[in-house]
Amino acid sequence: MPVTPDHLEALLSRADDRLLLNRWLPPQEGIVPRVRIGRRWVSVLWALPIGAAFLVALIAIAQSLRELPGVQAFIKAYPGIAQGAPSIDSGFPWWLQVQHFANMVFMLFIIRAGVQILADHPRLYWRRDSTPGTDWFRFQKPVPKGRVWTSRDDSVTIPAWLGIPGVRHSIGLARWWHFSINLLWVINGVLFYVLLFSTDQWRRLVPLTWGVFPAALSTTLQYASLNFPVDHSWTRYNGLQQLSYFVTVFIAAPVSIVTGLLQSPAISNRLGGLGRLLNRQAMRSVHFISFAWFVFFILGHGVMVFVTGLRENTNHMFAGVENDTWAGFPLFLLAMVILAAAWLFASPLTLRHARLVQRTGGFMIGWLKALAEHGDPRSQLSDKDISPFLWPNGTMPDSAEYDALLANDFAAYRLRISGLVEAPRAFSLAELKAMAKQEQITCHFCIQGWSGVAKWGGVPMREILELVRPTPAARYVVFYSLADGADGGRYYDVHQLFNMRHDLTILAYEMNGAPLNVLHGAPLRLRCENELGFKMVKWIAAIEFVDDFAHLGAGQGGYNEDHEFYGYRMPI
Ligand SMILES: Nc1nc2c(c(=O)[nH]1)N[C@H]1C(S)=C(S)[C@@H](COP(=O)(O)O)O[C@H]1N2
Ligand SMILES: [Mo]
């Protein structure tokens, strides 16, 4: 019984424009984050007593040290501000105050959405393969053995006050926040660099003499002994301040941007050796460490604002004045109220207006990310890089139709290709296998965060295009699955036609030298190495060429796009 693509189209489901908790993946608690030290997993909660003991010891040691004449002489020689550090007389200009506030708002969204993204695959690794047991950080139990455990199963809930939108597996929405606000943050940052260096403001931030190191040591001793150094922040920062600001502005920020981008399949698979060396998991881990620095900095900086003279500090940064009025404090309070309001409303708003968040994200950053599709990703690895494990993901086929095909070793399977093509065709598996086979060893990048390498064998899509000949009107290619998606209705996904012409876009029927198994997409799955994993439809039933996809499903260009608010072009 031939099933036409029109029939499949009717199997697609509509989707709600809100994130409805009663239809969503049920919550699942994670565990307290653990770090692996050697063979032991140590709870990060140990950082609290150890940190407290360390602080107390530090105070005691610093106070004793300051009684030593040598240390006193050292502090006298290096009072805290590096000699030769220039004095900035222009105070804190208005643009600096505005940018400082904008940065606070942006960081709030970036960090919360980032934590949400992390919770979709709550593990970190150094090697690119994400094999269970090789993680060095996790807030999820070890991967259960002896059963299929998909990466979707592995995602955990984090508190709603922390993540945006604070719902398990809401990475689609979290990514729109993360990336859209990233764009604003980068614009703010670039402007900041430009304004810093076109005025004398950079001289406060950039250490210009080696004296900054003894100065930093001296200030550390002074703070730690609870006898604070004199503060000249209006004109010059002390060594510790200068170093920590410098690291934040000129190291942590660029590192975050670069390690964020290197987690993208299109970018990583375009960079060749560099992309292979700086593998996705290492980049994700460094991205996390850089995030940890930002959190540490924000906490430390926030505490220092309070304990080194709240009135003076808020006058500087929120009113741009150096006097003993209360000019800055009300503005500081106002800023905090705005931040609190943004904090409160971000998650509920995102749940209620999920489609709007998706659309706004697409408008702000989707088009920019999509540019990365245009490069032809050619990065291949070698046999020794093949991962011992590739996380399975997605909703398995569960139908009499599929079972019957499988029982017969897919002898009755037909790949139907139709729509805007000159020569519609139905291929049996044997026919596809008779065509020239292409093999490639490539890295898979799941949106959730894991990656893995496998060898894929199959028919290049460009060969298929040659046989069916898309008409000039064809712009998109729809892949229909034999399996449904998690929320009911057929799984499908839409690609740009040009993406099908890339070298490594194939219909794979082999994985690691063996016929593709059911878990990973038998009899046929898409490999398209510049996109995230969800775009590579498994258990392909049919392919249709179209000029528009608004009429399919909920019109967003794919199942996860409709139901989980992903973007339909996801090379990043
Ligand atoms: N039909 C179908 N294809 C699918 C999915 C799915 O749920 N249904 N999940 C996608 C996702 S999110 C990923 S990461 C990859 C996972 O492929 P793997 O299980 O072979 O690792 O398949 C993709 N293809
Ligand atoms: Mo995925």
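Residues numbered from 1 in each chain as written. Chains lettered and ligands numbered in written order. Predicted model: local features only at pLDDT ≥ 70, side-chain atom pairs only at ≥ 80, totals over all residues. Heavy atoms only, no water.

**Q** How do you make sense of the overall build of the chain when you look at a structure like this?
**A** The helix and strand inventory of the chain stands at 19 helices and 14 strands. With respect to the principal axes defined by its C-alpha atoms, the chain has extents near 90 × 45 × 45 Å. Classification of the 572 residues of the chain by burial places 53% in the buried group. Intrachain contacts of the chain at a sequence separation of at least 6 include 76% that bridge at least 24 residues. Looking at the chain as shown, the accessible area adds up to about 25,500 Å², and 66% of this sits on carbon and sulfur atoms. (Helix = DSSP H or I, 4+ residues; strand = E, 2+ residues; numbered from the N terminus. Buried < 20%, exposed > 50% of the residue type's maximum accessible area, 1.4 Å probe, protein only. Contact = heavy atoms within 4.5 Å. Areas by Shrake-Rupley, 256 points an atom, 1.4 Å probe, with all protein chains shown as cover.)

**Q** Sorry if this is basic, but what is going on with the domain arrangement of the chain here?
**A** How big an interface is tends to be stated in terms of accessible area lost as the parts join. If you check the domain split of the chain, you get domain 1 (5-18 + 375-563) and domain 2 (34-101 + 172-372). On a C-alpha basis, the centres of domain 1 and domain 2 stand 43 Å from each other. The partner domain 2 presents 20 residues to the 27 residues of domain 1 that form the contact. Taken over both partners, the interface formed by domain 1 and domain 2 buries close to 1,800 Å², and the fraction arising from carbon and sulfur atoms is 46%. When the area that domain 1 buries against domain 2 is broken down by residue, the three leading residues are Asp-17, Ser-379 and Phe-445, summing to 30%. Taken together, the connections running from domain 1 to domain 2 amount to one salt bridge. One salt bridge in this structure joins Asp-17 and Arg-355, with 2.8 Å as the shortest N-O distance. Here domain 1 and domain 2 share 17 residue pairs in polar contact (both at pLDDT 80 or more) between them. Taken together, the elements giving at least two residues each to the side of domain 1 that touches domain 2 come down to β7 (438-445) and α19 (559-563). Its residues placed into classes, the side of domain 1 that touches domain 2 shows ten nonpolar, eight polar and nine charged. (Domains from an automatic or database assignment. Buried area = accessible area lost by both parts, 1.4 Å probe. Salt bridge = Lys/Arg side-chain N within 4 Å of Asp/Glu carboxyl O. Polar contact = N/O pair within 3.5 Å; in protein donor to acceptor, adjacent residues only side chain to side chain. Nonpolar A, V, L, I, M, F, W, Y, C, P; charged D, E, K, R; others polar.)

**Q** Honestly, unusual backbone geometry in this entry has me stumped. Any pointers?
**A** Glycine aside, the phi torsion of most residues is negative, and most peptide linkages are trans. Here the bond from Ile-164 into Pro-165 is cis, since omega is 0 degrees, no more than 30 degrees from zero. Turning to its location among the elements, Pro-165 is positioned in the loop between α5 (151-154) and α6 (171-198). The step from Ala-522 to Pro-523 runs through a cis peptide bond, and the omega angle for that step is 5 degrees. Looking at where Pro-523 falls in the secondary structure, it is placed in the loop between β12 (514-515) and β13 (525-527). One non-glycine residue, Leu-226, adopts positive backbone phi at about 60 degrees. Relative to the assigned elements, Leu-226 resides in the loop between α8 (212-224) and α9 (239-261). Relative accessible area serves as the criterion here: at 56%, Leu-226 is assigned to the exposed category. At Phe-410, a position not held by glycine, the phi torsion is positive, near 65 degrees.

**Q** I'm lost on the sheet that holds strand β3 (residues 123-124) in this one. Help?
**A** Across a sheet, paired strands are connected by hydrogen bonds in the backbone, their directions being either parallel or antiparallel. The strand order across the open sheet built from four strands is β2-β1-β4-β3, with neighbouring strands paired in antiparallel fashion. The sheet terminates laterally at β2 (40-43) and β3, the two strands that pair on one side only. Alignment of β3 against strand β4 (residues 137-138), held across two bridges, turns out to be antiparallel. Considered in β4, the bridge of Leu-124 is made with Phe-137. (Pairing = 2+ DSSP bridges.)

**Q** I tried to follow the packing of α8 against α9 on my own but got confused; where do I start?
**A** Two packed helices can be described by the angle between their axes and the distance between those axes. Between α8 and α9, the shortest axis-to-axis distance is 6 Å and the interhelical angle comes to 110 degrees. Judged on the interaxial angle alone, α9 and α8 are roughly perpendicular. Note on element contacts: α9 touches α8 through Gly-239, Leu-240, Gln-242 and Leu-243, opposite Val-212, Phe-213, Ala-215, Ala-216, Thr-219, Thr-220 and Tyr-223. (Axes fitted to C-alpha atoms, helices over the stretch in contact; angles between N-to-C directions. Parallel < 35°, antiparallel > 145°, perpendicular 65-115°, else oblique.)

**Q** In this structure, what is going on with the packing of aromatic side chains? I would like to understand it.
**A** To describe a pair of aromatic rings, you give the distance between the ring centres and the angle between the ring planes. Per the counting criterion, the structure on display carries 31 aromatic pairs. Between Phe-288 and Phe-291, the ring centres sit 5.5 Å apart and the planes meet at 45 degrees, which makes this aromatic pair tilted. Pair noted here: Phe-288 and Phe-291 are both in helix α12 (residues 280-307), with a separation of three residues, about one helical turn. Assessed through its relative accessible area of 16%, Phe-288 is described here as buried. Pairing Trp-326 with Phe-329 gives two aromatic rings, centres 5.6 Å apart and planes at 75 degrees, and the pair type is edge-to-face. For Phe-329, a relative accessible area of 22% puts it in the partly exposed group. (Phe/Tyr/Trp six-rings, centres within 6.5 Å; stacked < 30°, edge-to-face > 60°.)

**Q** Is there a simple way to explain the site of ligand 1 in this structure?
**A** Among the 19 residues in the neighbourhood of ligand 1, the closest are listed as Trp-391, His-520, Arg-525, Met-536 and Lys-538. Thr-395 is positioned with one of its backbone polar atoms (N or O) 3.2 Å from an oxygen atom of ligand 1. Residue Lys-538 places a side-chain N or O atom 2.5 Å away from an oxygen atom belonging to ligand 1. Expressed as a share of its isolated accessible area of 530 Å², the protein-covered part of ligand 1 is 97%. The residue makeup of the shell around ligand 1, split by class, is ten nonpolar, seven polar and two charged. (Near = heavy atom within 4 Å.)

**Q** For this particular structure, what's the right way to read the environment of Gln-496?
**A** Inspection of the secondary structure puts Gln-496 in strand β10 (residues 490-496). C-alpha separation for the pair Gln-496 and Tyr-568, spaced 72 residues apart in sequence, amounts to 9.5 Å. Excluding its chain neighbours within four sequence positions, the residues that come into contact with Gln-496 are Glu-373, Arg-475, Tyr-476, Tyr-568 and Arg-569. Here the side chain of Gln-496 touches Tyr-568 through a polar contact of 2.8 Å, side chain to side chain.

**Q** Mind showing me how you'd approach the pairing of β10 here?
**A** When you tally the buried positions in β10, you get seven out of seven residues, the bulk of the element. Residue alternation in β10 divides its side chains into two sets, Arg-490, Tyr-492, Val-494 and Gln-496 and Tyr-491, Asp-493 and His-495, and both sets are buried. When strand β9 (residues 476-484) meets β10, the two strands line up antiparallel, connected through six bridges. Across the sheet, residue Phe-479 finds its bridge partner in β10, namely Asp-493. Hairpin connection between β9 and β10: a loop of five residues separates the two successive antiparallel strands, and Gly-488 in this loop has a positive phi of roughly 85 degrees.

**Q** I would appreciate a short explanation of the sheet that holds strand β5 (residues 414-419) in the present structure.
**A** A sheet is described by the order of its strands in space; here five strands give the open sequence β6-β5-β14-β9-β10, paired in mixed fashion. Since the sheet does not close on itself, it has two edges, and those belong to β6 (425-428) and β10, each with one partner. Averaged over all adjacent pairs, the angle separating strand axes in this sheet is 20 degrees, with direction ignored. In this fold helix α18 (residues 461-468) packs onto β5, β6, β9 and β14 (540-546), with an angle of close to 135 degrees to the strand it touches most, β6.

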